[in-house]
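Now for the letters of each chain:
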Amino acid sequence: MMTLGLFDQFMSPVFLGIPLILIALSLPWILFPRPTAHWLDDRLLALQGYFVNSFTQQILQSVNPKGHKWAVLFMTLMLLLVTLNTLGLLPYTFTPTTQLSLNMALAAPLWLA
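Residues numbered from 1 in each chain as written. Predicted model: local features only at pLDDT ≥ 70, side-chain atom pairs only at ≥ 80, totals over all residues. Heavy atoms only, no water.

1. Things to note about the overall build of the protein
Scanning the protein from terminus to terminus reveals four helices and two strands. Taken from N to C terminus, the helices and strands of the protein fall in the order β-β-α-α-α-α. For the protein, the proportion of its 113 residues judged to be buried stands at 15%. Considering only contacts within the protein whose residues lie at least 6 apart along the sequence, 35% involve residues at least 24 apart. With an accessible surface of roughly 9200 Å², the protein has 71% of that area assigned to carbon and sulfur atoms. (Helix = DSSP H or I, 4+ residues; strand = E, 2+ residues; numbered from the N terminus. Buried < 20%, exposed > 50% of the residue type's maximum accessible area, 1.4 Å probe, protein only. Contact = heavy atoms within 4.5 Å. Areas by Shrake-Rupley, 256 points an atom, 1.4 Å probe, with all protein chains shown as cover.)

Written out as structure tokens, the structure reads:
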């Protein structure tokens, strides 16, 4: 049986010895693609390309070919939501996607479009 103190709930979460704060802060910066002048991709750019391609395939799998013009918008929205939701891993922070106002502000224009 594990005895916890009163303030142990405020400790930084750790997974396999790695603080989740570091992962939550670095993941959005790793996922955002950036242009490069190199002829060949490095490992990070290849990983970014893999994530972008797999997200795009998952999103556009159920859309007809005329709807593929929305790929950039959907990918941007996906990266925004991943970034906002990883903020919930940080202690003392609030995930903005739990608010109805943000969800409606994102959903209503997309639904009308």
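After that view, the rundown keeps rolling.
2. Re the UniProt feature "transmembrane region" (unreviewed entry) in the protein
Under the feature "transmembrane region" (unreviewed entry), the UniProt entry names residues 12-32 and 70-94. The distance separating the terminal C-alpha atoms of residues 70-94 is 30 Å; by composition the span is 64% helix and 0% strand. (UniProt positions renumbered as here; feature names shortened; annotations may be inferred.)

3. Description of a nonpolar patch on the surface
A cluster of nonpolar side chains, contributed by Ile30, Leu44, Leu47 and Tyr50, occupies part of the molecular surface with about 350 Å² of accessible area. By the element assignment, Tyr50 lies in helix α2 (residues 43-60). (Patch = residues over 30% accessible without salt bridge, like charges linked within 9 Å, V, L, I, M, F, W, Y side chains within 5 Å. Salt bridge = Lys/Arg side-chain N within 4 Å of Asp/Glu carboxyl O.)

4. Re the packing of helix α3 (residues 71-86) against helix α4 (residues 100-112)
Between two packed helices, the angle of one axis relative to the other and the distance separating the axes together describe the packing. Running from N to C, α3 and α4 cross one another at 170°; their axes reach a closest spacing of 13 Å. In terms of orientation, α3 lies roughly antiparallel with respect to α4. In contact with Leu73, Leu77, Leu80, Leu81 and Leu84 of α3, α4 contributes Leu102, Leu106 and Leu110. The residue makeup of the contact of α3 with α4, split by class, is eight nonpolar, no polar and no charged. (Axes fitted to C-alpha atoms, helices over the stretch in contact; angles between N-to-C directions. Parallel < 35°, antiparallel > 145°, perpendicular 65-115°, else oblique. Nonpolar A, V, L, I, M, F, W, Y, C, P; charged D, E, K, R; others polar.)

5. A closer look at the packing of α2 against α3
Following both chains from N to C, one finds α2 and α3 inclined at 115°, their axes separated by 10 Å at the closest point. What the angle tells us is that α2 and α3 run roughly perpendicular. Crossing of α2 over α3 shows right-handed handedness. In this structure, α2 uses Val52, Phe55, Thr56, Ile59 and Leu60 to contact α3, whose residues at the interface are Ala71, Phe74, Met75 and Met78. Taken together, the residues of the contact of α2 with α3 break down into eight nonpolar, one polar and no charged. (Left-handed = near helix turned anticlockwise from the far one by under 90°.)

6. Details of α3
Helix length check: α3 (16 residues) gives 22 Å between terminal C-alpha atoms against 22 Å at 1.5 Å per residue, within 8%. Taken together, the buried positions of α3 are occupied by Ala71, Met75, Leu79, Leu84 and Thr86. (Expected span 1.5 Å × (residues − 1).)

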